[in-house]
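Spelled out from the first residue to the last, the chains are:
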Amino acid sequence: QVQLVESGGGLVQAGGSLRLSCAASGSIGSINHMGWYRQAPGKQRELVARVTNGGRTNTADSVKGRFTISRDNAKNTVYLQMNSLKPEDTAVYYCSAGPYWSGTYVARYWGQGTQVTVSS
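Residues numbered from 1 in each chain as written. Predicted model: local features only at pLDDT ≥ 70, side-chain atom pairs only at ≥ 80, totals over all residues. Heavy atoms only, no water.

Visitor: Quick rundown of the sheet that holds strand 7 (residues 67-72)? Include the residues and the values.
Guide: Ordered in space as 1-3-8-7, the 4 strands form an open sheet in which the pairing is antiparallel. Only two strands of the sheet have a single neighbouring strand rather than two, namely strand 1 (2-7) and strand 7. On average, each strand axis in the sheet is tilted by 15° relative to the strand beside it, whichever way the strands run. (Pairing = 2+ DSSP bridges. Helix = DSSP H or I, 4+ residues; strand = E, 2+ residues; numbered from the N terminus. Axes fitted to C-alpha atoms, helices over the stretch in contact; angles between N-to-C directions.)

Visitor: Tell me about the pattern of salt bridges, and please be specific about residues and values.
Guide: Applying the stated rule across the entire model yields 4 salt bridges. Arg38 is paired through a salt bridge with Glu46; the nearest N and O atoms lie 2.7 Å apart. Glu46 gets classed as partly exposed once you look at its relative accessible area, which sits at 36%. Ionic pairing is found between Arg38 and Asp89, a salt bridge with its closest N-O pair at 2.9 Å. Note that Arg38 is positioned in strand 4 (residues 33-39) and Asp89 in the loop between strand 8 (77-82) and strand 9 (91-98), a separation of 51 residues in sequence. With a relative accessible area of 7%, Arg38 lands in the buried category. Asp89 gets classed as buried once you look at its relative accessible area, which sits at 1%. Residues joined by salt bridges that share partners form a network here, namely Arg38, Glu46, Arg66 and Asp89. (Salt bridge = Lys/Arg side-chain N within 4 Å of Asp/Glu carboxyl O. Buried < 20%, exposed > 50% of the residue type's maximum accessible area, 1.4 Å probe, protein only.)

Next comes the structure, spelled out in structure tokens:
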């Protein structure tokens, strides 16, 4: 099992910045990647960004150029730096982690979620 603990959400004005953190503990050796998803009210959960153990990243087109994912392997922590925030970025952000299985990044473990609210 892997436990994920998030921090860093909050309320910010449009154009502002926030940094989310997610610390992993437990069976760290079982995970290949860590990442962030978000879910806005009435919408499906969507991938925001992912980083593999080797440092390869994937970022959603909607946040490219504004959000940056990074990882500190020594601390088993992943970060999401969010700049130039927009009201449409308002959502609950979830940290995820898991293995790479049959060509798919499996988000097996989830954090509790942290609210990000961007006011206009």
